[in-house]
Amino acid sequence: VYVNTGFERLTGYAREDVLGRTAAFFHADPEDPAVWDALRHAAMEQRDIHIDLQYRRQDGSLFWSEAFFAPVRGQRTPGEYYVGHYADLTDQRQALVDLKSIQIFNSADSALIGLFALDAVISGVTIVDTQLAGQPVVYVNAAFERLTGYPAEDVIGQPCCFLYAHSPDQPALQDIQAALAVHGEAHVELRGYRKDGSLFWSELTLSPVFDGDRRLTHYLAIHNDITERREAHRQLEALAADLARSR
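All values reported here derive from a predicted model rather than from experimental measurement.

Turning next to the overall build of the protein chain. In terms of helices and strands, the protein chain carries nine helices and eight strands. Per-residue burial over the protein chain gives 42% buried out of 247 residues. Restricting to contacts in the protein chain with at least 6 residues of sequence separation, those with at least 24 account for 45%. Surface exposure of the protein chain reaches about 13700 Å², of which carbon and sulfur atoms provide 52%.

Below is the structure:
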C-alpha cells in the first residue's frame, strides 16, 4: 500500500508499478518455500523478521538485500500490515566473495598480493595472528581506517576486539569468545566506538584461517558499518507502533 523514493531508487520500480502487488513480485525466487514459511510464521506470531534475500530490479538485474519487517501491532487479522525496510547488500556480498578468493598466507609473494587486494575491499578488514601472545591485530586495511578513524599504527598490536572494550556487557562478545574457543566462525552485531568517541554499530564476521596442516594461524575479521541500518530499524519499529495506536 506504500513505498518510498528509496525503494524506487533501489529497485527501479516506480510507485505506481508496485502498489497493489504482493511482495513476491520482485523476489529472485518467488517460489522459495523456506522464505515464505519463515515470513508466514513471523506474520502469524506478530514478530519482527530479519532476512537476507536476492531480488530482481525492474531492468532484470539481481541484487542482495537485507529485509527487515516489523508488524503493525493490534491488528484484527495477524500479519495484515507490515512496515518493511530494504538495505542493498550487493557490494558487501561481493566483498565477501573477493575476500574468500584471496590466498593471503600461502607464501611471502601471495601474502603481499593478498594484502594489496584487501586494501581495495570496501569493507573494513583486520587480521589477527592467533600464534602470537594475546592474539593481536597484525593488519588493517584502508576501509577499516576510514570506518573507525584509527590509523593502522594505532591498531597494530591491539587485541582483536579493542573497539568494543567500552561495552563489555554485549552478549555478542560471548558469541565471539565461544567461536574462538572452537576455532569456528562468528557473525555478530556490536556497538563500537571510533577514535573520536562517536558510537557506531558494526556487523562483524570472523573467519578462521588454517595452514596446510589444519593448524589455526590467523583470524580474518570483516567489519561493516550498519549504524544507519540500525537507526532505520528503530524508526520502522516506532512507525509500526504509531500505526497500531492510530488504528
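Next comes the rest of the write-up.
Here the focus is the packing of aromatic side chains. In the structure shown here, the tally under the stated rule is nine aromatic pairs. Ring geometry for Phe-26 against Tyr-86: centres 5.7 Å apart, planes inclined by 70°, an arrangement best described as edge-to-face. Of the two residues, Phe-26 sits in the loop between α2 (15-18) and α3 (33-44) while Tyr-86 sits in strand β3 (residues 82-88), which places them 60 residues apart along the sequence. Given the relative accessible area of 2%, Phe-26 is considered buried. Put simply, the rings of Phe-7, Tyr-13, Phe-25, Phe-26, Tyr-55, Phe-63 and Tyr-86 touch in pairs and so form one group of aromatic residues. One residue, Arg-214, lies across the ring of Phe-210, its end atom 4.2 Å from the ring centre. Over the ring of Trp-201 we find Arg-230; its NZ or CZ atom is 3.6 Å from the centre of that ring.

This paragraph deals with the pattern of salt bridges. Considering all chains together, one arrives at seven salt bridges under this definition. Measuring nitrogen to oxygen at the nearest pair gives 2.8 Å for the salt bridge that ties Lys-195 to Asp-154. One end of the pair, Lys-195, is in the loop between β6 (186-193) and β7 (199-210); the other, Asp-154, is in helix α7 (residues 152-155), with 41 residues separating them in the sequence. For Arg-229, the salt bridge identified is with Glu-203, shortest N-O distance 3.5 Å. Of the two residues, Arg-229 sits in helix α9 (residues 227-246) while Glu-203 sits in strand β7, which places them 26 residues apart along the sequence. Taken individually, Arg-229 and Glu-203 each receive the classification buried, so the pair is uniform in this respect. Taken together, the salt bridges that share partners define one network made up of Glu-189, Glu-203, Arg-229 and Arg-230.

Do not read the predicted coordinates in detail wherever pLDDT is low. For the protein chain, mean pLDDT is 80; residues scoring 70 or higher make up 83% of the total. Residue range residues 106-113 is modelled with pLDDT below 50. Its contacts to residues more than four positions away, or to other chains, number four contacts.

Calculation criteria
- Residues numbered from 1 in each chain as written.
- Predicted model: local features only at pLDDT ≥ 70, side-chain atom pairs only at ≥ 80, totals over all residues.
- Heavy atoms only, no water.
- Helix = DSSP H or I, 4+ residues; strand = E, 2+ residues; numbered from the N terminus.
- Buried < 20%, exposed > 50% of the residue type's maximum accessible area, 1.4 Å probe, protein only.
- Contact = heavy atoms within 4.5 Å.
- Areas by Shrake-Rupley, 256 points an atom, 1.4 Å probe, with all protein chains shown as cover.
- Phe/Tyr/Trp six-rings, centres within 6.5 Å; stacked < 30°, edge-to-face > 60°.
- Lys NZ or Arg CZ within 6 Å of the ring centre and 35° of its normal.
- Salt bridge = Lys/Arg side-chain N within 4 Å of Asp/Glu carboxyl O.
- pLDDT = per-residue confidence, 0-100.

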